[in-house]
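# Structural overview
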Amino acid sequence: MPSTFGTTLRVTVFGQSHSEAIGCVLDGLPSGLHLDMNALTHFIARRTPGSFSGDTPRHERDSFHILSGLTSKGTTCGAPLAAIIENTDVRTGDYNYLSTIPRPGHADFAAWCKWHGRQDASGGGQFSGRLTAALCLAGGIAVQALSTQEIHIAAHLKEVAGIKDDTLAVFDASSASRLLLSKQISHLHTKQGLPVLNDLADEKILSAIRAARAAGDSVGGLVKCVATGIPAGMGSPLFEGLESTIAHAIFSIPAVKGIEFGLGFEAARTRGSKNNDPYVVQDGKVQPATNNAGGILGGISTGAPLFFTCAFKPISSISLPQHSVDLSSNTQTTLEVHGRHDTCTALRAVPVVEAVCALALLDAELSWPQESKRNPYEVGL
């Protein structure tokens, strides 16, 4: 099913931008996990529009309702957990003019070719970023499940409109670097405003977004995500490797156009002597001294922090006139997109990246044979 992913933890997302509700189903959650509803509400709120300059004017509260999967005490019971988020600020009429005119950069034309005009075009239908609220709901639960295993995830805006944030301390395995990374993760978890490490980057990024919006245009960005506490040995080779699993899930986020793990594409510009991560014994444990691999080798975790960067394209809905075609008459036309849209999707995508990463890692953790989880050599950080 195209709306479902996962092996042991099966995650389904459903709904459309302007349907009555959107939601998710998590099948395979272990029983006995007590959900902190306040923490889950806060996690979802980080994605909710209205927090930043340039956000869509569409105001959804993103209040969720869990339909099944919990006991009366708020603990998972082993049954599939189903939850919904109502769509309360819908203006379907804003999209009537798009029934036959595809918006450049959107999935409109591709969806038309697949469903011959029978798809829901309002707000992007099932292709809309609105569905990332349901991903956040599912992923927020996964974040809490992983935290019981001391696995923690954080992401930040690495770059927006050419403006760069500080770098996460993920490439060096020294004690000082690990301490700094822990402080950076704590900073991101508690910070108000933009999810950046350097507070000076806040206003610079927002200023660039306001300038793009005033020009009727949009900007893209890079989001970097790190997960710590993952023991060595999690994952599998080939098609079920951690990179394969995470990349598969990350590309479910609308507007993602690329992903790189560790040093990524920069590794193609260096030599093996620089790219390789030598092994050392530190605090009685074997570990990589550096982390150019991003915490994964052969699809399996090394015990070092797992990290990746994903690229978000500029928002396709811009107010500038663009060339398109009226599919009903097969004639050229000029399109000016109306409706309510973000200017930079990367801003609100940060918790979505964390959520999807958590879902992929929880699936890998639950799929890991119990006998493999006991490592007598205590490899890892």
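In this numbering scheme, every chain counts its residues from 1 along its sequence in written order. Local features are withheld for residues below a pLDDT of 70 in this predicted model, meaning they are given only at 70 or higher, and side-chain atom pairs are given and counted only at 80 or more; totals for whole chains, interfaces and linings count all residues. Side-chain metrics in this entry use all non-hydrogen atoms of the structure; hydrogen atoms and water are not considered.

Turning next to the pattern of salt bridges. What counts as a salt bridge is simple: a side-chain nitrogen of Lys or Arg found within 4 Å of a carboxyl oxygen of Asp or Glu. In the structure shown here, the tally under the stated rule is ten salt bridges. For the salt bridge of Glu-203 with Arg-210, the shortest nitrogen-to-oxygen distance reads 2.2 Å. For Arg-348, the salt bridge goes to Asp-342, with nearest N and O atoms at 2.6 Å. The buried label applies to any residue whose accessible area, calculated with a 1.4 Å probe on protein chains only, is under 20% of its type's maximum; exposed applies above 50%, and partly exposed to all values in between. Looking at Arg-348, the relative accessible area reads 10%, which means it is buried.

Here pLDDT means the predictor's own confidence in every residue, given as a number from 0 to 100. Across the protein chain, the average pLDDT comes to 88, with 89% of residues at or above 70. We call two residues in contact whenever any of their non-hydrogen atoms come within 4.5 Å of each other. Low pLDDT (under 50) marks residues 375–381, which in the prediction has 18 contacts with non-local residues, meaning those over four places away or in another chain.

This paragraph deals with the packing of aromatic side chains. Working definition: rings of Phe, Tyr and Trp (its six-membered ring) pair if their centres are within 6.5 Å, and the pair is stacked with planes under 30 degrees apart, edge-to-face with planes over 60 apart, and tilted otherwise. Overall, the coordinates contain two aromatic pairs when judged by the stated rule. Their ring planes at 80° and their centres at 5.0 Å tell us that Phe-171 and Phe-307 sit as a pair that is edge-to-face. Residue Phe-171 is located in the loop between β7 (163–164) and α4 (175–190), and its partner Phe-307 is located in strand β14 (residues 306–312); the two are separated by 136 residues in the primary sequence. Relative to Phe-308, the ring of Phe-261 lies with its centre 5.7 Å away and its plane at 50°, an arrangement referred to as tilted. Here a strand is any run of E in DSSP of at least two residues, a helix any run of H or I of at least four, and the numbering for each starts at the N terminus.

Here we come to the packing of helix α6 (residues 242–250) against helix α8 (residues 345–367). Close contact between α6 and α8 brings their axes to 9 Å; oriented N to C, the two are set at 140°. Judged by the inter-axis angle, α6 sits oblique to α8. The crossing of α6 and α8 is right-handed. Of α8, the residues touching α6 (which contributes Leu-242, Thr-245, Ile-246, Ala-249 and Ile-250) are Val-353, Val-356, Ala-360, Leu-361 and Ala-364. Classification convention: Asp, Glu, Lys, Arg as charged; Ala, Val, Leu, Ile, Met, Phe, Trp, Tyr, Cys, Pro as nonpolar; all other residues, Gly among them, as polar. Residue composition of the contact of α6 with α8, by class: nine nonpolar, one polar and no charged. Every axis in this analysis is a line fitted to C-alpha atoms, fitted for helices over the stretch in contact. Angles between the N-to-C directions lie between 0 and 180 degrees. Relative orientations are named as follows: roughly parallel for angles under 35 degrees, roughly antiparallel for angles over 145 degrees, roughly perpendicular for angles from 65 to 115 degrees, and oblique for any other angle. In this scheme the crossing of two helices becomes right-handed for a clockwise turn of the near helix relative to the far one and left-handed for an anticlockwise turn of less than a right angle.

For the rest of this paragraph, the subject is unusual backbone geometry. Unusually for a residue other than glycine, Leu-238 sits at a positive phi of about 55°. Structurally, Leu-238 is set in the loop between β8 (221–228) and α6. Of note, the phi angle at Asn-330 is positive, near 60°, even though the residue is not glycine. Residue placement: Asn-330 occurs in the loop between β15 (322–326) and β16 (331–335). Here Asn-330 falls in the exposed class, since its relative accessible area comes to 66%.

Looking at chain direction, β15 and β16 are connected through five bridges and run antiparallel. Bridged to Gln-322 within β16 is Leu-335. Two strands form a pair only when DSSP identifies at least two bridges running between them. In textbook terms, the turn of a hairpin is the stretch between consecutive antiparallel strands, and for β15 and β16 this stretch comprises four residues, one of which, Asn-330, has a positive phi near 60°.

To qualify as a nonpolar core, a set must consist of buried Ala, Val, Leu, Ile, Met, Phe, Trp, Tyr and Cys residues joined through side-chain atoms within 4.5 Å. The biggest cluster of nonpolar side chains holds 78 residues, and the ones touching the most others in it are Ile-250, Phe-308 and Leu-361. The leading source of residues in this core is α8, at 15 residues. Leave out the neighbours within four places in its chain, and Phe-308 touches Val-223, Lys-224, Cys-225, Ile-246, Ile-250, Ile-259, Glu-260, Phe-261, Val-353 and Cys-357. Counting ten residues, the second largest nonpolar core, distinct from the first, contains Leu-168, Ala-169, Leu-197 and Val-226.

The next thing to look at is the sheet that holds β14. Read across the open sheet, the five strands follow the order β7-β6-β8-β14-β9; overall the sheet is antiparallel. Edge strands, defined here as strands with exactly one partner in the open sheet, are β7 and β9 (256–261). By the bridge criterion, eight bridges tie strand β6 (residues 152–160) to β8 in an arrangement that is antiparallel. Paired with Ile-153 across the strands is Ala-227, a residue of β8.

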